[in-house]
Amino acid sequence: MDLDRPAAARVYDYYLGGSHNFAADREMARKAITMWPDLPQIMRANRAFLRRSVTFLAERGFTRFLDIGSGIPTFGAVHEVAREIQPDSRVVYVDKDPVAVAHSRLLLQDDPLSTVVDADLTDPAELLARPEVVELLAAGEPVALLLVAVLHFVTDEQDPEGIIRTLREALPPGSALAICHASIEGRPDQAATHQDLYNRTPTPLTMRSVERITGFFDGFDLVEPGVVYLPQWRPDEPTVVAEHPERMVGLVGVGLLP
């Protein structure tokens, strides 16, 4: 592994106040925060959406979760949130960053219901062939597919729509898809410089329009309130949504398979 180049999973860990990151990750994160001071708050809003969406799905009876681009499952991870409602929830975490995978396996080594897979979202056929993923899907029970803050690291050339279609076709009936994706609309004044910063790393960033992100839910029935900015998706309290939710530039949504 190249510890001299920043990686998205470890930079995200730094934004959340974690310790599973290295000097190159911290340097990049500090540069990004200098350019865009709201970034740590945006990342916390992203984590809050993950919690609310997993809670929503667990309350609907979901006990199987496939978290792709999971990063490092620190406090508030999917298995912790889901098991507050469904104690027997099974989670397969997938990431391609070797440090994230190694730390995840260490953190979850005593958890028989959670597994960690080293695989790349941009090769969905290979990902779906992994034994841990095959086992999760084989029971035919609905699976919650979580693509939270990962699709914007898939370039247009890598065909994100095709990737989602392949994953969707592998899901059992009644499954769900949760997406959080960086949007160009919320802060167009910041989008170009932020993408340029990530484009110097192994994980280039592609911020997309609300129409494009909504299109990722093709084949799914969107849950109310549809595709909205991070704070607007089923907030714990309506009063927590600030006057300008677009400042939290992530667009999010949850869809259900018929």
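This text goes with the structure placed above it.
Remember, predicted model here, so these are calculated numbers, not experimental data. (Residues numbered from 1 in each chain as written. Predicted model: local features only at pLDDT ≥ 70, side-chain atom pairs only at ≥ 80, totals over all residues. Heavy atoms only, no water.)

Colleague: How would you explain the overall build of the protein chain if you had to name every residue and give the values?
Modeller: Scanning the protein chain for helices and strands turns up 10 helices and eight strands. Out of the 258 residues belonging to the protein chain, those deemed buried represent 55%. For the protein chain, contacts bridging at least 24 residues in sequence account for 72% of all contacts bridging at least 6. Total accessible area on the protein chain stands at roughly 11,300 Å², and carbon and sulfur atoms take up 52% of it. (Helix = DSSP H or I, 4+ residues; strand = E, 2+ residues; numbered from the N terminus. Buried < 20%, exposed > 50% of the residue type's maximum accessible area, 1.4 Å probe, protein only. Contact = heavy atoms within 4.5 Å. Areas by Shrake-Rupley, 256 points an atom, 1.4 Å probe, with all protein chains shown as cover.)

Colleague: Help me get a handle on the nonpolar core, residues and values and all.
Modeller: Judged by nonpolar contacts, the single largest core of 44 residues is most densely connected at F49, L57, F65 and L146. Elements that contribute at least two residues to this core include exactly α1 (8-15), α2 (23-35), α3 (39-59), α4 (78-83), β2 (90-95), β4 (144-148), β5 (176-182) and β8 (250-256). Residues within four places of F49 in sequence aside, it is in contact with V148, A178, I179, C180, L230, W233, V252, G253 and V254. Formed by 32 residues, the second largest nonpolar core is a distinct cluster that contains L121, L151, L177 and Y229. (Core = buried A, V, L, I, M, F, W, Y, C linked by side-chain atoms within 4.5 Å.)

Colleague: Can you explain the pairing of strand β3 (residues 114-118)? Please cite residues and give values.
Modeller: The pairing of β2 with β3 spans five bridges and is parallel. Directly across from V92, in β3, lies its bridge partner T115. Handedness of the crossover joining β2 and β3 through helix α5 (residues 98-107): right-handed. (Pairing = 2+ DSSP bridges. Right-handed = clockwise from strand over helix to strand, strands pointing away.)

Colleague: Could you give an account of helix α8 (residues 160-170), naming the residues involved and the relevant values?
Modeller: Along α8, the residues classified as buried are P160, G162, I163, I164, L167 and R168. Residues of α8 that are buried in the fold lie against β1 (64-68), α6 (124-129), β4, β5 and α10 (210-215).

Colleague: How would you sum up the pairing of β8? Please name residues and give values.
Modeller: For β8, the buried fraction is high: seven of the seven residues fall into the buried class. Of the two faces of β8, the one holding G250, V252, V254 and L256 and the one holding L251, G253 and G255 are both buried throughout. With seven bridges connecting them, β5 and β8 associate as antiparallel partners. Paired with H181 across the bridge in β8 is L251. Alignment of strand β6 (residues 221-222) against β8, held across two bridges, turns out to be antiparallel. For L222, the partnering residue across the bridge sits in β8 and is G255.

Colleague: Run through the environment of F65, naming residues and quoting values.
Modeller: Its place among the elements puts F65 in strand β1. F65 gets classed as buried once you look at its relative accessible area, which sits at 0%. F65 sits 78 residues away from V143 along the chain, and the two C-alpha atoms are 5.6 Å apart. Excluding anything up to four places from it in sequence, F65 contacts V54, L57, A58, V78, A82, S89, R90, V91, V92, L136, A144 and L146.

Colleague: Quick one: what's the story with unusual backbone geometry, residue by residue and with numbers?
Modeller: Here the bond from E224 into P225 is cis, since omega is 10 degrees, no more than 30 degrees from zero. As for its placement among the helices and strands, P225 is situated in the loop between β6 and β7 (228-229). For A149, which is not glycine, the phi dihedral falls at a positive 60 degrees. Along the polypeptide, A149 turns up in the loop between β4 and α8. For D159, which is not a glycine, the phi torsion comes out positive at approximately 60 degrees. As for its placement among the helices and strands, D159 is situated in the loop between β4 and α8. Residue D159 is classed as partly exposed on the basis of its relative accessible area of 35%.

Colleague: Hey, could you go over the environment of V148 for me, with residue numbers and the actual values?
Modeller: If you trace the backbone, V148 turns up in strand β4. Sequence separation of V148 and I68 is 80 residues, and the distance between their C-alpha atoms is 7.7 Å. Each residue touching V148, except ones within four places of it in the same chain, is listed here: N46, F49, L50, I68, G69, A178 and C180.

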